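Fold and geometry: a report
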Number of protein chains: 2
Amino acid sequence: MLAVVIRAPGDVRVEEVPEPRVEEPTDALVRVVAAGVCGSDLSVLRGLTPLPRPVRSGHEFVGVVEDLGAGVTALRRGDFVLAPFSTSDGTCPHCRRGMPIACENGMLFGEFGSDGSVLDGGQAEFVRVPLADTTLLAVPGAPPPDLLPSLLALTDVMSTGHEAAVHAGVGPGATVVVVGDGAVGQCAVLACRRLGAERIVVMSRSPVRRRLARAHGATDVVAARGEEGAAEVADLLDGGSGHVIEAVGTLESVRQAIGCAHPGGRIGYVGLPWGVTLPLWELFGKNLTLGGGGANVRATMPGLLGDVLDGALRPGDVFDAAFSLADAPKAFEAMDARRCVKPILRPALDL
Amino acid sequence: MLAVVIRAPGDVRVEEVPEPRVEEPTDALVRVVAAGVCGSDLSVLRGLTPLPRPVRSGHEFVGVVEDLGAGVTALRRGDFVLAPFSTSDGTCPHCRRGMPIACENGMLFGEFGSDGSVLDGGQAEFVRVPLADTTLLAVPGAPPPDLLPSLLALTDVMSTGHEAAVHAGVGPGATVVVVGDGAVGQCAVLACRRLGAERIVVMSRSPVRRRLARAHGATDVVAARGEEGAAEVADLLDGGSGHVIEAVGTLESVRQAIGCAHPGGRIGYVGLPWGVTLPLWELFGKNLTLGGGGANVRATMPGLLGDVLDGALRPGDVFDAAFSLADAPKAFEAMDARRCVKPILRPALDL
């Protein structure tokens, strides 16, 4: 079968690889219908995250259950399933506390964990999913094809945007600032609107992304960045916002988020902070609360699924470029060059 | 009159200085009855915080109103008052949002602000308090002398400990870990018990401080520090605590707090993080929420005052050594050498 393989920094290919199969009684074999390319895939490609050996990439995917181990009880062959970016057993102390993202027996798809572990990723025709009962989320019935992108968004960026908004304390009537106009920032805007925010300020200088953010519910756009951008936000919002979302993950964007918050405010931080080292005084001196981290997708998806299925939540439009699996390198390149917000790969065009 | 003056790093003296007087219509002149020595006074003495010129030190004090400007309406001569460590006008955007600690027109007592501003501090016989109406909190009637230390504790350490517990999400039934066995850590233990925590683990290797923590309601004590201490806490609490208080402010103590938290946990951080620079990944990778900062004392004190006045909350015992004002250098030295938890200075022995 075909799979996307990152062989080394800068070297992404589509290769013919052995087809996976059920190995453990708790495994599922999933035929991938759609897969996303994520900013963290680009981090791997750029050599920012460890790549001790070539990896089948991709941690955002949806598909159909083709085969099941004998121990799987919650899924059936033919189920349409959403996969979070890591597996979880549902029984470890962290899973029991509602944090499957931190599962003691969980592994990341297509990206090396700090312990060197990795699972073959989902930018492929088929993928093996361990701990399937507690990892995969089955969608009732067969979803209409036009919902595919929005369902795919739930596996990472929409869940991430939602958690950013929750950590920023967004609720009815809130005024929010979103730092980051990529897919996660765009989903955060949707999440803020869904949670009842009244004013949503997005920081962006890209006409395409500003337009998308406004379509998602952004009420204001600030083009300036850094200290200048924060000063403009402070002017706009009487000293800053109590709710700020950091959806980039650089030192500059974190500082921009801090600058946009008023004293006592909350920052939801979901941008992967590779190499970001922050003097804690910058938070302390403004009495800021910083909450977030990698999205707890398996716990978050079920609460958003209903709104996607009934069309109330449509994050799928963050996928603004579609590629066949064979063209995956072009998808990576388009995202890297910011020619699109986020590519969708379609290993199979039918459900 | 006598006042404590820090002339240069390492040089603290008691000097005869001009007596302050009402200068602005919004001023109060307070006769100081008791003043605390704080860890951040030691930071000034050690040269860790800027000292562009000699300063009358002290930001924890209680006393009696001796004189008032014509514009003060909420106070009367003879009122017994508690002073937070900074002034606030009650009308700026931050004050209106309930964050007087961040008042745009506020100044710190006895410590230079980032803009070089400073007010003469309260380790003195008298002190001038600007913006008195919205800075000072009057206690109804004359408090009994045995409550003085507990009232003094409200002006900083008890309010700080309470806010740490609130930011750590402590509530009924909670299990909490407190990193730091100084006055703030000790007050945090009291705050946790008051908020209904069931299990309070204090990290301390000092027999005196362990005993004090147990008297305040600590249920467990862990002597080990750093990674070893965090591992011991993880063993004790099935992977860590959801509620951790950081009451020291060094990189080591922040990391110890992170190590004691389970994924998804909350850390209340109130230790002044001078020079602490943290890779954000250490928080992100465990989905931790960090909230706190300098205590918002003027807003917090009123909610704690009733429990102090009726004896339900007794933080005064963190002051385990008393000195006359003339002996202030000895008090600084005793605290610096950890021969006491926290000294109380008594410029006047009567109310």
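We now turn to the structure provided with this report. Keep in mind the model is a prediction, meaning the values are calculated, not measured.

1. A closer look at helix H5 (residues 157–167) of chain B
Residue and element names in this part refer to chain B.
- Where burial is concerned, most of H5 is hidden: nine out of the eleven residues are buried.
- Here H5 has its buried residues at Val157, Met158, Ser159, Thr160, Gly161, His162, Glu163, Ala164 and Ala165.
- In this fold, the buried residues of H5 make contact with helix H4 (148–154), helix H6 (183–194), strand S12 (241–246), strand S13 (261–269) and helix H11 (297–309).
- Just past H5, the residue Gly169 takes up positive phi, approximately 75 degrees.

2. Looking at the packing of helix H5 (residues 157–167) of chain A against helix H11 (residues 297–309) of chain A
All names here are of chain A.
- Where H5 meets H11, the axes come as close as 9 Å, and the angle between the chain directions of the two elements is 90 degrees. One way to sum up the angle between H5 and H11 is to call them roughly perpendicular. Every residue of H11 that contacts H5 at Met158, Ser159, His162 and Glu163 is listed here: Val297, Thr300, Met301 and Leu304.
- Each residue belonging to the contact of H5 with H11 can be placed in one class, and the counts come to four nonpolar, three polar and one charged.

3. Overview of the interface of chain A and chain B
- Contacts between chain A and chain B engage 39 residues on the former and 39 residues on the latter.
- With both sides pooled, the region where chain A packs onto chain B buries about 3200 Å², and carbon together with sulfur makes up 63% of that total.
- The largest contributions to the chain A side of the interface with chain B come from A:Leu280, A:Phe284 and A:Asn287, which together make up 23% of the buried area.
- The interface formed by chain A and chain B contains two salt bridges.
- Residue B:Asp238 pairs with A:Arg96 through a salt bridge whose shortest N-O separation is 4.0 Å.

4. Section: the sheet that holds strand S1 (residues 2–8) of chain B
All names here are of chain B.
- An order of S2-S1-S4 is seen for the three strands of this open sheet, with the pairing classed as antiparallel. The sheet is open, and its two borders are formed by strand S2 (11–16) and strand S4 (55–56), each paired with just one other strand.
- Two elements, S1 and S4, share two bridges in a ladder whose sense is antiparallel. By the bridge assignment for S4, Val5 is matched with Arg56.
- Strands S1 and S2 of the sheet are contacted by helix H12 (residues 328–336), whose axis makes an angle of about 160 degrees with S2.

5. Some details on the sheet that holds strand S1 (residues 2–8) of chain A
All names here are of chain A.
- Taken together, the three strands give an open sheet; going across it, the order is S2-S1-S4, and neighbouring strands pair in antiparallel fashion. Each edge of the sheet is formed by a strand with only one pairing partner; in this case those strands are strand S2 (11–16) and strand S4 (55–56).
- Direction of pairing for S1 relative to S2: antiparallel, over a ladder of six bridges. By the bridge assignment for S2, Val5 is matched with Arg13.
- Packing of helix H12 (residues 328–336) onto the sheet brings it into contact with S1 and S2, and relative to S2 it is tilted by some 160 degrees.

Reading the values: the criteria
Residues numbered from 1 in each chain as written. Chains lettered and ligands numbered in written order. Predicted model: local features only at pLDDT ≥ 70, side-chain atom pairs only at ≥ 80, totals over all residues. Heavy atoms only, no water. Buried < 20%, exposed > 50% of the residue type's maximum accessible area, 1.4 Å probe, protein only. Helix = DSSP H or I, 4+ residues; strand = E, 2+ residues; numbered from the N terminus. Contact = heavy atoms within 4.5 Å. Axes fitted to C-alpha atoms, helices over the stretch in contact; angles between N-to-C directions. Parallel < 35°, antiparallel > 145°, perpendicular 65-115°, else oblique. Nonpolar A, V, L, I, M, F, W, Y, C, P; charged D, E, K, R; others polar. Buried area = accessible area lost by both parts, 1.4 Å probe. Salt bridge = Lys/Arg side-chain N within 4 Å of Asp/Glu carboxyl O. Pairing = 2+ DSSP bridges.

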